[in-house]
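Report on the structure
This is what each chain is made of:
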Amino acid sequence: MYVPTLDELLGDRETFFERYFNASPMLRRAALRDDPRRLLSVADLDEVLSSEAIRPPYLDIAKDGRQVPTASYTEPIVVQGEYVTDRVVPDRVAALFRAGATLTWNSINHHRANLRALAGRLGTLFAAPSDVIAFLTPASRRGLAPHYDPVDVFVIQLEGTKSWRVWPVPQQRRGDDLGNLDEAQLGEPAISATLTPGDVLYMPYNCAHVATSGDRMSLHLSATVAPRRWTGLLQEIVTRIVTEDPAFWGNPWMRGGDTAAGLSDMMTALGQRLREVDAAAELERLIATGPRNTGVEVVRYLSEAAAADAIGPQSLLARAESVPVQVIAHAGDKVRARINGAVYTLPSQVVEAIEALPAGGTLPAASLLTGASDELSTRTAQTLVRIGVLRPA
C-alpha cells in the first residue's frame with residue numbers, strides 16, 4: 001500500500017514553514033507521485049464497511065449540513081453471546097449515501113496500515129498528535145456547512161473532484177471548531193479551487209472553509225495535525241514541575257487567613273523553578289512526547305511474542321525501548337520489577353544486562369545469564385521477549 005512522503009504533502013519544506021505553516025492556506029497541484037487510489041479507494045471503504053465490525057463514532061453521516069442520527073444506520077446485534085447496541089448496517093449506510101449523505105470515516109488510520117504510517121510521519125514532523133479522516137461525498141453535494149476546525153489539515157483528493165473555498169487565517173484564533181458560519185461575513189476566499197485526484201490542500205487551524213463535490217462522487221482524506229500552542233506547551237511544563245516536586249503537594253485550607261500568602265509563596269517558588277528549567281532540554285522532551293497518540297504506528301506485539309518460541313542460544317536480542325523496567329525492590333540476587341503494569345521477580349544480573357544495552361545494541365540469548373547454562377539463559381530470554389522487554393533483533 002502507498003504512503004505519501006512528507007515532501008509530496010509539503011513541497012519544499014523550507015518554503016512551507018516560512019510561508020504557509022500556521023500562516024496561510026496552500027494548494028499543491030498533482031502533488032502525489034503515485035495513483036491516489038493506492039492510498040485509499042472507494043473499494044477499500046467497501047471492505048471496511050463489509051467487515052460489519054465498524055461502529056460509531058468511526059463512521060459518521062451528515063446530510064444537508066446536519067448530522068444523521070446513528071439510529072438511522074445502526075442496529076443491535078449479538079456477537080458470541082455479547083450484546084452490541086450499535087452495529088453499522090451496510091445497506092442502510094448505502095441507502096443514505098445514495099440519498100445524498102456524506103460518509104465520514106473518522107480515524108480511518110485505525111483501520112489501514114498505510115494511513116497509520118502517514119499519521120506517524122506527520123506526527124513525528126510536527127511533534128504533535130495526527131489523525132486521518134476520509135470523506136465520501138455524493139456527486140454535486142456539499143458535505144458540511146462553512147466551518148473551521150481546531151487542527152491543521154492536509155486535504156488529499158483521491159477520487160472525483162471537489163471545489164473548495166478557503167478563507168484566510170483569522171487574526172484572532174479561538175483554537176476550537178465552529179460550524180454553520182455566515183459565508184457572507186467571511187469576505188473573499190484566499191483559495192477558490194477545484195481539487196482533482198493527487199492534489200493537496202493545506203489549511204492552518206481555524207481557517208474557515210466549505211467544499212462541494214463535482215459531477216461525480218468525491219473521496220478525499222483530511223490528514224490532521226493538532227497544533228501545539230504556547231498555552232499547551234507552558235501548561236505541560238508547569239504540570240510536570242508541580243507534579244514532580246513535593247513542595248507543591250500540600251493541601252491548603254482554602255478559607256484560611258494565611259492561604260493568600262501561601263499561594264503567593266507557591267507562585268514565587270514556581271517562578272523560580274521555571275527560571276531554572278533548561279529550555280533546550282525541555283523542548284526535546286516536548287518533541288518526544290508530542291506525537292504519542294493511537295493510530296500512528298503498526299505494532300508487532302503478537303508477532304514478536306510468537307517469535308519467542310523460535311529463539312535459540314545464539315539468537316540476537318535488542319531492547320524494547322517503549323517498555324520500561326521499573327525496579328521497585330531488591331532481595332539478594334533478585335529484584336522485583338514492574339513491567340507493563342505487572343510485577344515480576346527477575347535475577348539482578350538480567351536487569352543489569354538489559355540496562356547496559358546501548359540504543360541499537362544486541363546480545364545473544366545465551367549471554368543473558370552469566371554462569372548459567374545456555375538452556376536456562378535462553379528460556380529466560382524467551383520469557384523477556386514474551387513480556388515485551390526484549391525483542392528479536
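Residues numbered from 1 in each chain as written. Predicted model: local features only at pLDDT ≥ 70, side-chain atom pairs only at ≥ 80, totals over all residues. Heavy atoms only, no water.

1. Here's the deal with the nonpolar core
For soluble globular proteins, the rule of thumb is that nonpolar side chains tend to be buried together. Ranked by internal contacts, the top residues of the largest apolar core, which has 45 residues, are Leu59, Trp105, Leu122, Phe154, Ile156 and Leu221. Counting residues per element, this core draws most heavily on helix H5 (residues 113-126), which supplies five residues. Excluding anything up to four places from it in sequence, Trp105 contacts Leu45, Val48, Leu49, Ile54, Tyr58, Leu59, Val132, Ile133, Ala134 and Leu136. Residues Ala337, Ala353, Leu357 and Leu390 belong to the second largest nonpolar core, which totals 25 residues. (Core = buried A, V, L, I, M, F, W, Y, C linked by side-chain atoms within 4.5 Å. Buried < 20%, exposed > 50% of the residue type's maximum accessible area, 1.4 Å probe, protein only. Helix = DSSP H or I, 4+ residues; strand = E, 2+ residues; numbered from the N terminus. Contact = heavy atoms within 4.5 Å.)

2. Some words on the packing of aromatic side chains
Taken as a whole and judged by the stated rule, the model has 10 aromatic pairs. A centroid spacing of 6.4 Å and a plane angle of 80° characterise the contact between Phe16 and Phe126, whose relative ring orientation is edge-to-face. Taken together, the residues span a long stretch of sequence, with Phe16 in helix H2 (residues 13-20) and Phe126 in helix H5 at a distance of 110 residues. Among the aromatic residues, ring-to-ring pairing joins Phe16, Phe17, Phe21, Phe126, Phe154 and Tyr202 into one connected group. Geometry around Tyr205 places Arg173 over its ring, the cationic atom sitting 4.1 Å from the centre. (Phe/Tyr/Trp six-rings, centres within 6.5 Å; stacked < 30°, edge-to-face > 60°. Lys NZ or Arg CZ within 6 Å of the ring centre and 35° of its normal.)

3. Points about the environment of Leu219
With respect to the element layout, Leu219 can be found in strand S13 (residues 218-225). Taking the C-alpha atoms as reference, Leu219 lies 9.5 Å from Arg37; in sequence the two are 182 residues apart. Excluding its chain neighbours within four sequence positions, the residues that come into contact with Leu219 are Leu40, Ser41, Val42, Leu45, Ala134, Phe135, Leu136, Ile156, Gln157, Leu158 and Glu159.

4. A few points about the sheet that holds strand S17 (residues 342-347)
Spatially, S15-S16-S17 is the arrangement adopted by the three strands of the open sheet, whose pairing is antiparallel. The open sheet has two edge strands with one neighbour each: strand S15 (326-331) and S17. Averaged over all adjacent pairs, the angle separating strand axes in this sheet is 25°, with direction ignored. In this structure, strand S16 (residues 334-339) lies alongside S17, joined through six bridges in antiparallel fashion. Bridged to Ile339 within S17 is Ala342. Against the sheet, helix H10 (residues 348-356) makes contact with S15, S16 and S17, and its axis sits at roughly 100° relative to S17, the strand it touches most. (Pairing = 2+ DSSP bridges. Axes fitted to C-alpha atoms, helices over the stretch in contact; angles between N-to-C directions.)

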